[in-house]
Amino acid sequence: MIEVNNIYKTFGENEVLKDINAVFKPGKNNLIIGSSGSGKTTLLKCIVGLHEPTSGEVLYDDVNFTTMHFEGRVPIRKQIGMLFQNSALFDSMTVEENIIFPLNLFTDMAKSEKHDRANFCLERVNLKGTNKLYPSELSGGMKKRVGIARAISMQPKYLFVDEPNSGLDPLTAILIDELISELTEEYQTTTVVVTHDMNSVMGIGDHIIFLHDGQKWWEGSNHEIAHTNNKELNSFVFASKFMKAAREKL
Amino acid sequence: MFHSLGRYILLLRLSFRKPEKFSVYWAEIMREMVSQGIGSLGIIVIISVFIGAVAAIQVAFQLISPYITKTVVGSISRDSTILEFSPTISSLVLAGRVGSSIASQIGTMRVTEQIDALEIMGVNAPGYLISPKIIAGITMIPLLVIISVILGLSGGYVACLLSRDVSPTDYITGLKDGFNPVTVTVCAVKAVSFGFIITSVCSYFGFYTSGGSLEVGQSATKGVVYSCIWILFADLVISSLLL
């Protein structure tokens, strides 16, 4: 479980996050949604420690992550898997080398074990046989899946996903969403997904936090989101004609 | 300026933290050594031979006189090659070749979130990315400078063979005359220092890149320019302290 308590983040004069409080439970797809510039990615980066919050704290299973130094954070970071918006695969490494990279650094597994683990992860994301390819030889959707395979290679307790569907066609986007949801259920990970894709929201949003202007504006599930009276949330969720039409049918 | 210097020193401190796994870092060091050493050999061979030849011709042009022995051409070529041409000019060229590659490689990793990915995994990103480059730089650049000295002096010999002003025998005699081993020490100190400057300064600019591809190019340019300035400054300091 991850707890976010009273997080504030400012960049110079610009206050990006204002008093964010949230609890992300294991085995659930926790979604952070909001329009561009609402502070979604900044919040995610504060949670994983890529940004230091101006004030407030982040607790991983009751352990205060925010006040820890680099060495103290390493044991928690070994339990974190993250898929970045642009996959962030290491260009100079093959798919298999990308997946076994954390295993090389943090485990004493034999070469054959690491190879088996890479194959297992690739099979799990439906990319069997791509071990020797380089990231430049992969499509956007394949890169995302390799990113997920790398993220789960260390069997993470916490899974973070930043804009999993950006730049993908709707079909591939649904496959990625389904994969994230399956992995969350299978490994009981605490999954936090940053997105503004309404298909993801409606498809896998067990627990949703809506950010508006750096503040937590609404919290609920995908079942509740269609019936809310929150003006800002409604204008975000039902921005497209398709969603407006769908609402009218409800 | 003090802010940048502070960040540079802190980055170096982070770079030399205890590695997560020595074998992985060792493999990176070897990869960097091949990239920096073997990869730069061609350009070093070309510039060293030509600079050595030009140095011998120009010294001969200025000093050929009935009152000066012809062997002096070899002596002056030797000292200027060992003390200045090979360490400094080679390093200035390597700042362009190795330095820009380091800054753009690390800069690209920064803007494509690959460094963030390393940090999320719990990897000490400066240690994994920068320390192998610095270690490779302070070992391979001196080796390249040694090769450059040998080829520079050979270039001078070839120039003497082709010209009629100084005979190759005089040139060889001049190379042996009045050799002071301190020049080799100065050359080695310069090469190690310049290797450190090129790799650390360019890594610094690459590591703190923010933005996109345009900024990666700017970081590479800044890395090369600042490396060259620091090389020339260090050249002056080392020469005045050791000679």
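Scoring rules and cut-offs
Residue positions are given per chain, counting from 1 as you read along its sequence in written order. For this description, chains carry letters from A and ligands carry numbers from 1, given in the order in which they are written. Predicted model: local features are reported for residues with pLDDT of at least 70 only, side-chain atom pairs are reported and counted for 80 or more only, and whole-chain, interface and lining totals are derived from all residues. Angles here are taken between N-to-C directions and fall from 0 to 180 degrees, while the axes themselves are lines fitted to C-alpha atoms, restricted in helices to the stretch in contact. Think of it this way: any DSSP run of H or I at least four residues long counts as a helix, any run of E at least two long counts as a strand, and we number them from the N terminus. Throughout, a crossing is termed right-handed when the near helix is turned clockwise from the far one, and left-handed when it is turned anticlockwise from it by less than a right angle. Throughout, the ten residues Ala, Val, Leu, Ile, Met, Phe, Trp, Tyr, Cys and Pro are labelled nonpolar, Asp, Glu, Lys and Arg are labelled charged, and all others, Gly among them, are labelled polar. Only strands that DSSP links by at least two bridges are regarded as paired with each other. It is the C-beta atoms, placed from the backbone, that decide contacts: two residues are in contact if theirs lie within 7 Å. Delimitation of the domains relies on an automatic or database domain assignment. Exposure classification rests on a simple neighbour count of other C-beta atoms within 10 Å of a residue's own: a residue reaching 20 or more is buried, one at 12 or fewer is exposed, and one in between is partly exposed. C-beta atoms are placed from the backbone.

Engineer: Explain the packing of helix α2 (residues 22-63) of chain B against helix α3 (residues 72-111) of chain B to me, please; I cannot follow it from the model alone.
Structural biologist: Each pair of packed helices gets described by two things: the angle between the helix axes and the distance between those axes. Residue and element names in this part refer to chain B. Close contact between α2 and α3 brings their axes to 8 Å; oriented N to C, the two are set at 145°. The interaxial crossing formed by α2 with α3 has right-handed handedness. Each residue belonging to the contact of α2 with α3 can be placed in one class, and the counts come to 17 nonpolar, nine polar and one charged.

Engineer: Would you take a moment to explain the environment of A239 of chain A for this structure?
Structural biologist: Summarising the element assignment, A239 of chain A is placed in the loop between α9 (231-237) and α10 (241-249). Between the C-alpha atom of A239 of chain A and that of M198 of chain A, which follows or precedes it by 41 residues, the distance is 9.9 Å.

Engineer: How should I be thinking about the sheet that holds strand β3 (residues 29-33) of chain A in this particular structure?
Structural biologist: Hydrogen bonding along the main chain pairs the strands of a sheet, whether they run parallel or antiparallel. Residue and element names in this part refer to chain A. In spatial order, the strands read β6-β7-β8-β3-β9-β10; together these six strands make up an open sheet with mixed pairing. Among the strands making up the open sheet, the edge pair consists of β6 (80-83) and β10 (215-220). Adjacent strand axes in the sheet meet at a mean angle of 15° when their direction is disregarded. Where β6 and strand β7 (residues 158-162) come together, four bridges link them in parallel fashion. Bridge assignment links I80 to a residue of β7, and that residue is Y158.

Engineer: Is there a simple way to think about the interface of chain A and chain B in this case?
Structural biologist: Quite often, the size of an interface is put as the accessible area lost when its parts meet. Counting residues at the interface gives 15 residues for chain A and 13 residues for chain B. Elements that contribute at least two residues to the side of chain A that touches chain B include exactly α2 (70-77), β6 and α3 (95-106) of chain A. By residue number, the principal contributor to the side of chain A that touches chain B is α3 of chain A, which donates four residues. Across the side of chain A that touches chain B, the residue classes break down as eleven nonpolar, two polar and two charged.

Engineer: What is the right way to read the domain arrangement of chain A from this model?
Structural biologist: All names here are of chain A. The domain boundaries assigned to chain A delineate domain 1 (1-79 + 158-250) and domain 2 (82-155). For domain 1 and domain 2, the distance between their C-alpha centres works out to 24 Å. Every contact between the two is made by 16 residues of domain 1 and, on the other side, 14 residues of domain 2. Of all the secondary structure elements, the ones that give two or more residues to the side of domain 1 that touches domain 2 are β7 and α6 (170-187). When residues in the side of domain 1 that touches domain 2 are grouped by element, the largest group, five residues, is from α6. Tallied by class, residues from the side of domain 1 that touches domain 2 come to ten nonpolar, three polar and three charged.

Engineer: Sorry if this is basic, but what is going on with the pairing of strand β2 (residues 14-24) of chain A here?
Structural biologist: Residues and elements named next belong to chain A. Of the strand pairs in this sheet, strand β1 (residues 2-11) and β2 are connected by seven bridges, and their pairing is antiparallel. Counted as the bridge partner of V4 is A22 from β2. Counting the residues in the hairpin turn of β1 and β2 gives two residues, including G12, whose phi is positive at 65°.

Engineer: Is there a simple way to explain helix α4 (residues 114-121) of chain B in this structure?
Structural biologist: In an α-helix, one turn spans 3.6 residues; hence positions three or four apart end up facing the same way. Where burial is concerned, most of α4 of chain B is hidden: seven out of the eight residues are buried. Taken residue by residue, α4 of chain B has Q114, I115, A117, L118, E119, I120 and M121 of chain B as its buried positions. On the buried face of α4 of chain B, the contacting elements are α1 (40-48), α2, β6 and α3 of chain A together with α3 and α5 (125-162) of chain B. Phi turns positive one or two residues past the end of α4 of chain B, at G122 of chain B, with a value near 95°.

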